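Residue-level structural notes
Now for the letters of each chain:
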Amino acid sequence: MNIDLLLENLTNPALLFFVLGLIAVCLKSDLEIPPNSSKFISLYLLFAIGFKGGQELAHEIFSWEIVWTVLFGIGISLLIPFYTFFILKKKLNIYDAGAVAAAYGSISAVTFVTAVSYLEMQQLELHGHMVAIMALMEAPAIVVGLILISSYDKTNAGTDQVKKRKVVKHSFTNGSVLLILGSLLIGFLASDAQAEGIKPFTNDIFKGFLAIFLLDMGIVSGKKLQSFFSYGWFPMIFAIVIPLFNGCVVAILSSSVTDEISNRFILAILSASASYIAVPAAMKMTVPKSNPGLYLPMALAVTFPINITIGMPLYFYLVS
């Protein structure tokens, strides 16, 4: 692996702001990002990525490669929670195993946003249909996680079906998915001249907002680490090894559906990321017995920094 890529990513301001957030918690500083501001920034990042993706999609020529890439992405999000569930349930209860499996089968929009920034560092462009694939990969894993929990949870067999149907529906219509798809469509419909009018908002300030958001993610991660460590070594090892394994395997196998380096890199990072927004919201509603003190720190405090420090240079090396 090119060591320069790793060093360049380790000195990326966005990553360093994430580390600053962790340090602030360790020092017991009162540094924090107001919740409303944090929510606005996350919405802005999704909007900007969706809109820019729609603009790129408008210039793409439809092909079977796009179709196969979409199916490949959805297939990944269905397969990962299935196989990880059976690894997890050897050490965890059914509810936690299902929730963690769903989190690792789903995707992290913030990791995706960071990966887009990494592509720009390599002077590569994000193809518009990859934004759509990102949105489509979020929900299937939640559905698989619910099915697996229902199948093995004998105590609640035949109950809570209406509630679970609502969660399945919510997983397809939650705010992040709706915003990214809506922004994608708007960007697709807007002409180049119309898009130019909001370019300062969608492009010029993007990296600044990303850095502030990652500072907030560092603060949130640091606050959850202590409770996470009480679970022992297994969750830590899983949160490091499984994402790297998924990302490397997909980086290699993705060559069967596309030759584009940027597309293969995005597929790898999506398969390696873990959800800490959509999945926790769904599990809180339908599987209250699962412990967010386990799967939130795994995804946010371990897997996320692993992906943006070691994972991205590794996946990029494999697809290159």
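Details of the structure are given in the entry above.
Everything in this summary refers to the structure shown in the same document.

1. What to know about the overall build of the chain
- Looking only at helices and strands, the chain has 17 helices and zero strands in total.
- The buried share among the 320 residues of the chain stands at 53%.
- The long-range fraction of contacts in the chain, counting pairs at least 24 apart against all pairs at least 6 apart in sequence, stands at 89%.
- Of the accessible surface of the chain, which amounts to about 14400 Å², a share of 68% is contributed by carbon and sulfur atoms.

2. Topic: the pattern of salt bridges
- Applying the stated rule across the entire model yields one salt bridge.
- For Glu 120, the salt bridge identified is with Lys 207, shortest N-O distance 3.9 Å. In this pair, Glu 120 is assigned in helix 6 (residues 109-121) and Lys 207 in helix 13 (residues 206-229), connecting sequence segments 87 residues apart.
- Overall, the relative accessible area of 46% leaves Lys 207 in the partly exposed class.

3. Some details on unusual backbone geometry
- The phi torsion at Lys 28 lies on the positive side, around 55 degrees, for a residue other than glycine.
- Tracing the backbone through its elements, the reader meets Lys 28 in the loop between helix 2 (13-26) and helix 3 (35-58).
- You will see that Gln 123, though not glycine, has its phi angle at about 60 degrees, which is positive.
- Looking at the secondary structure, you find Gln 123 in the loop between helix 6 and helix 7 (128-136).

4. As for the packing of helix 14 (residues 233-253) against helix 15 (residues 261-272)
- The N-to-C vectors of helix 14 and helix 15 enclose an angle of 155 degrees; their axes lie 7 Å apart at closest approach. By the angle between their directions, the pair helix 14 and helix 15 is classed as roughly antiparallel. Handedness of the crossing formed by helix 14 with helix 15: right-handed. Listed contacts from helix 15 to Pro 243, Asn 246, Gly 247, Val 250, Ala 251 and Ile 252 of helix 14 are Arg 264, Leu 267, Ala 268, Ser 271 and Ala 272.
- Among the residues forming the contact of helix 14 with helix 15, the class breakdown is seven nonpolar, three polar and one charged.

5. Things to note about a nonpolar patch on the surface
- Among the surface-exposed residues, Trp 233, Ile 237, Val 241, Phe 245, Val 249, Ile 252 and Leu 253 lie close enough to one another that they form a single nonpolar patch of about 680 Å² accessible area.
- Among the structural elements, Val 241 can be located in helix 14.
- The class for Val 241 is partly exposed, based on a relative accessible area of 46%.

About the cut-offs
Residues numbered from 1 in each chain as written. Predicted model: local features only at pLDDT ≥ 70, side-chain atom pairs only at ≥ 80, totals over all residues. Heavy atoms only, no water. Helix = DSSP H or I, 4+ residues; strand = E, 2+ residues; numbered from the N terminus. Buried < 20%, exposed > 50% of the residue type's maximum accessible area, 1.4 Å probe, protein only. Contact = heavy atoms within 4.5 Å. Areas by Shrake-Rupley, 256 points an atom, 1.4 Å probe, with all protein chains shown as cover. Salt bridge = Lys/Arg side-chain N within 4 Å of Asp/Glu carboxyl O. Axes fitted to C-alpha atoms, helices over the stretch in contact; angles between N-to-C directions. Parallel < 35°, antiparallel > 145°, perpendicular 65-115°, else oblique. Left-handed = near helix turned anticlockwise from the far one by under 90°. Nonpolar A, V, L, I, M, F, W, Y, C, P; charged D, E, K, R; others polar. Patch = residues over 30% accessible without salt bridge, like charges linked within 9 Å, V, L, I, M, F, W, Y side chains within 5 Å.

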